[in-house]
Amino acid sequence: CYNLLTNLMSPHEKLAELKDRLEAKIRLMQDVAHELKNPLSVIHGYASYLSKENVPPAEIKKALRAILANAERVTAMVGQLQDAVRLESTGFAVETRVVDGSALLQEAVESAELEARRRGVGLHWRSTVGDSLLVVADSKRVMQILANLIGNALKFTPNGGTINVDAQRDGDSVRFAVIDTGPGISAADLPHLFDRFYQAQDNTQKSAGLGLGLAICKGLVEAHGGRIWVSSLPGMGCAFNFTLPAASALTPAAVRDTI
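Residues numbered from 1 in each chain as written. Predicted model: local features only at pLDDT ≥ 70, side-chain atom pairs only at ≥ 80, totals over all residues. Heavy atoms only, no water.

*Asks:* An account of unusual backbone geometry is needed here, citing residue identities and associated values.
*Replies:* Trans is the prevailing form of peptide bonds, just as negative phi is the prevailing case for residues other than glycine. The residue Asn54 is not glycine, and still its phi comes out positive at about 60°. Tracing the backbone shows Asn54 in the loop between α2 (11–50) and α3 (57–89). (Helix = DSSP H or I, 4+ residues; strand = E, 2+ residues; numbered from the N terminus.)

Right, here's the structure in full:
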C-alpha cells in the first residue's frame, strides 16, 4: 500500500514526504541519545562511587538498586529500538497458539499492581471466564502490548485516579480495553498517536521515553490480524482498545495448527 501511494505522489509530494521521514528519524536519534544518556550517567556515577574504598553497606545497596533499575531502563529502550527496526523493515513475526486471554489480562495487571500502588492509582481488571476468552495469539507479544498500554495509563493518570482493564468477546474477536481517568488526548493528536516517531504536541502528554510504544503496539496487533484504536476527550481520560482473533472463530483444523 505504501509503494502504491508513493507512485501516485507528485515529485514535490515525494520530496516533502521523504523530508518529513528524514526529520522524524533525526528527531528519533536525538531522543534516543538524550534518553540513553540519563540512565547511563546514573550507572556510571554509582559505579564510580562503588569503586571507592570504605563505602557503607547501606550505600552499596542503594547504589546497586539504582544501577539495576537504570540498566533495566536501558535494556527496555534497546528492545523498543529493535522492535522499531523490525516494524520499519520486515514487520513482526508472531508465533501463535490458543491461549487464555483472561489469564494474560490477569498477569499483565498483577505485574503492574506495585507501580500502581506507588503512584496512588487504582488498577482494576475484569474479564469473562471460559472458552469465550480463548484467543489465537503470541502470549509474549500480547503481554508486551498490555504492559505498554497499562504503563502509558499509569504515566498519565494522576494520584487518586483509576485504570480499568477488561476483556470480552466481540463477534469473532476478543476485545481488550485499557481505560484511564488521566488528562485525555487532544483532537489534533488523536489521528497520529500510532504513527511511527510521532510525539504528542500537547505538553501535558509528554513523558520520558522514545515515543515508539504505541507504533509497536499497532504493529504487533496487526501482525495478529487484529486492530487497535483509541478514544479520548481532553480532561476525560483515554480508552485504548485492541482485538485479537477468538479461537472459536477458527475451524477446528486451524485451531489445532496453532497449538
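*Asks:* So what's going on with the packing of helix α5 (residues 139–156) against helix α6 (residues 213–223)? Which residues, and what values?
*Replies:* Relative to each other, α5 and α6 sit at 145°, their axes nearing to 10 Å. Note on packing geometry: the crossing formed by α5 with α6 is left-handed. Facing Arg141, Gln144, Ile145, Asn148, Leu149 and Asn152 of α5, the residues of α6 in contact are Gly213, Leu214, Ile216, Cys217, Leu220 and Val221. The residue makeup of the contact of α5 with α6, split by class, is 7 nonpolar, 4 polar and 1 charged. (Axes fitted to C-alpha atoms, helices over the stretch in contact; angles between N-to-C directions. Left-handed = near helix turned anticlockwise from the far one by under 90°. Contact = heavy atoms within 4.5 Å. Nonpolar A, V, L, I, M, F, W, Y, C, P; charged D, E, K, R; others polar.)

*Asks:* An account of the packing of aromatic side chains is needed here, citing residue identities and associated values.
*Replies:* Under the definition given, this model contains 2 aromatic pairs. An angle of 85° between the planes, with centres 6.2 Å apart, marks the rings of Phe194 and Phe240 as edge-to-face. Here Phe240 lies in strand β7 (residues 238–245) and Phe194 lies in the loop between β5 (173–180) and α6, a separation of 46 residues in the sequence. Among the residues examined, Phe194 registers a relative accessible area of 13% and is labelled buried. The lysine or arginine in question, Arg227, covers the ring of Trp229, its NZ or CZ lying 3.9 Å from the ring centre. (Phe/Tyr/Trp six-rings, centres within 6.5 Å; stacked < 30°, edge-to-face > 60°. Buried < 20%, exposed > 50% of the residue type's maximum accessible area, 1.4 Å probe, protein only. Lys NZ or Arg CZ within 6 Å of the ring centre and 35° of its normal.)

*Asks:* Now, about α6: what can you tell me, with residues and values included?
*Replies:* In terms of residue burial, α6 counts as a mostly covered element, since 8 of its 11 residues are buried. Taken together, the buried positions of α6 are Gly213, Leu214, Ala215, Ile216, Cys217, Gly219, Leu220 and Val221. Of the residues one or two after α6, Gly225 is the one with positive phi, at around 85°.

*Asks:* Break down the sheet that holds strand β6 (residues 228–232) for me, citing the residues and quoting the values.
*Replies:* Within the open sheet, the 5 strands sit side by side as β2-β4-β5-β7-β6. Their pairing is mixed. In this open sheet, the two strands that pair with only one neighbour each are β2 (122–127) and β6. Neighbour-to-neighbour, the strand axes of the sheet open up by a mean angle of 15°, direction not taken into account. Note that β2 and strand β4 (residues 162–170) share 6 bridges and pair parallel. Across the sheet, residue Arg126 finds its bridge partner in β4, namely Asp166. Across the sheet, helix α4 (residues 101–119) lies against β2, β4 and β5, angled at about 175° from β2, the strand it touches most. (Pairing = 2+ DSSP bridges.)

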